[in-house]
Amino acid sequence: MADTAEAAPEERKRVWKTPPNVPLCAEADIADPGSRGFVLQIGEAFFHGFVVRKDGVVAGWVDRCPHAGFPIAMELDRYLTPDGSLIMCGWHGAVFEPLSGACVGGPCAGGKLTPWPVEARGGIIRTA
């Protein structure tokens, strides 16, 4: 008799840093204020991060809430509150300053997002 149970999918390996100078997108591809998520394959592992653009400044963050370790966005590229003033974890409602990553409310108040070094140079956002 054949076994009909399906094997559980293998969990993808994660990395928490990226090499410098990897082009991500044109600066104009992210509204101001706005955000965009990125998944980069590095070897056989994957990096998950997002970039926020606010007041002409870009900041990058590892896509992981310090409260429970979940990704910040529940929907693709939806990292900011509707008015664009804060980053909001869709899972537990923690809110963060977009350019400092400081948690200013919710279950991880006093915590901080993990920075992902990025820069805008020549109209292109790239890893730093």
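Scoring rules and cut-offs
- Residues numbered from 1 in each chain as written.
- Predicted model: local features only at pLDDT ≥ 70, side-chain atom pairs only at ≥ 80, totals over all residues.
- Heavy atoms only, no water.
- Phe/Tyr/Trp six-rings, centres within 6.5 Å; stacked < 30°, edge-to-face > 60°.
- Helix = DSSP H or I, 4+ residues; strand = E, 2+ residues; numbered from the N terminus.
- Buried < 20%, exposed > 50% of the residue type's maximum accessible area, 1.4 Å probe, protein only.
- Lys NZ or Arg CZ within 6 Å of the ring centre and 35° of its normal.
- Core = buried A, V, L, I, M, F, W, Y, C linked by side-chain atoms within 4.5 Å.
- Contact = heavy atoms within 4.5 Å.
- Salt bridge = Lys/Arg side-chain N within 4 Å of Asp/Glu carboxyl O.
- UniProt positions renumbered as here; feature names shortened; annotations may be inferred.
- Patch = residues over 30% accessible without salt bridge, like charges linked within 9 Å, V, L, I, M, F, W, Y side chains within 5 Å.
- Areas by Shrake-Rupley, 256 points an atom, 1.4 Å probe, with all protein chains shown as cover.
- Pairing = 2+ DSSP bridges.
- Axes fitted to C-alpha atoms, helices over the stretch in contact; angles between N-to-C directions.

Enquirer: What's the story with the packing of aromatic side chains in this structure? I'm lost.
Expert: Where two aromatic rings form a pair, the distance of their centres and the angle of their planes describe that pair. By the definition in use, this model includes 4 aromatic pairs. Pairing Phe50 with Tyr79 gives two aromatic rings, centres 4.1 Å apart and planes at 5°, and the pair type is stacked. With Phe50 in strand E3 (residues 45–54) and Tyr79 in the loop between strand E4 (57–62) and strand E5 (87–88), this pair connects stretches of sequence that are 29 residues apart. Pair check on accessibility: Phe50 and Tyr79 agree, each one buried. Looking at Arg12, its charged tip hangs above the ring of Phe46, at a distance of 3.9 Å from the centre.

Enquirer: How should the nonpolar core be read in this particular structure?
Expert: For soluble globular proteins, nonpolar side chains are generally found buried alongside one another. Membership of the largest hydrophobic core comes to 16 residues, with the highest contact counts inside it found for Phe50, Trp61, Ile72, Ile87, Phe96 and Leu113. Secondary-structure elements contributing two or more residues to this core are E3 and E4. In contact with Phe96, not counting residues within four places along its chain, are Cys65, Pro66, Ile72, Leu86, Ile87, Cys89, Gly101, Ala102, Cys103, Val104, Cys108 and Leu113. Core analysis: the next-biggest nonpolar cluster, separate from the first, contains 12 residues, Leu40, Phe47, Val58 and Val62 among them.

Enquirer: Which parts of the structure should I look at to understand the pattern of salt bridges?
Expert: Side-chain pairs of opposite charge can arise whenever the charged atoms involved come near each other. Tallied over the full model, the rule gives 4 salt bridges. Note that Arg53 is salt-bridged to Glu27, the shortest N-O span being 3.8 Å. Of this pair, Arg53 sits in strand E3 while Glu27 is found in the loop between strand E1 (23–26) and strand E2 (34–42), placing the two residues 26 residues apart along the sequence. For Arg53, a relative accessible area of 17% puts it in the buried group. Among the salt bridges present, the one from Arg36 reaches Asp29, with a minimum N-O distance of 3.9 Å. On the basis of relative accessible area, Arg36 is assigned to the partly exposed category, the value being 28%.

Enquirer: Where do I start with the UniProt feature "domain: Rieske" (unreviewed entry) in the protein in this structure?
Expert: Mapped onto this numbering, the UniProt entry gives "domain: Rieske" (unreviewed entry) at residues 22–127. With 0% helix and 42% strand, residues 22–127 has its two end C-alpha atoms placed 5 Å apart.

Enquirer: So what exactly am I meant to see when it comes to the environment of Ala59 here?
Expert: Of note, Ala59 is situated in strand E4. Between the alpha carbons of Ala59 and Ser35 there is a distance of 9.5 Å; along the sequence they are 24 residues apart. Apart from the residues within four sequence positions on either side, Ala59 is in contact with Phe50, Val51, Val52, Pro98, Leu99 and Val118.

Enquirer: Can you walk me through a nonpolar patch on the surface in this structure?
Expert: Together, Phe70, Met74 and Trp91 give the surface a local cluster of nonpolar side chains, amounting to about 320 Å² of exposed area. Looking at where Met74 falls in the secondary structure, it is placed in the loop between E4 and E5.

Enquirer: How do you make sense of the sheet that holds E2 when you look at a structure like this?
Expert: Strand order in this open sheet of 3 strands is E2-E3-E4, and the pairing throughout is antiparallel. On the outer flanks of this sheet lie E2 and E4, each paired with one strand and no other. Sheet twist, expressed as the mean angle between neighbouring strand axes with direction ignored, is 25°. Across 6 bridges, E3 lies against E4 in antiparallel orientation. Looking across to E4, one finds that Arg53 is bridged to Val58.

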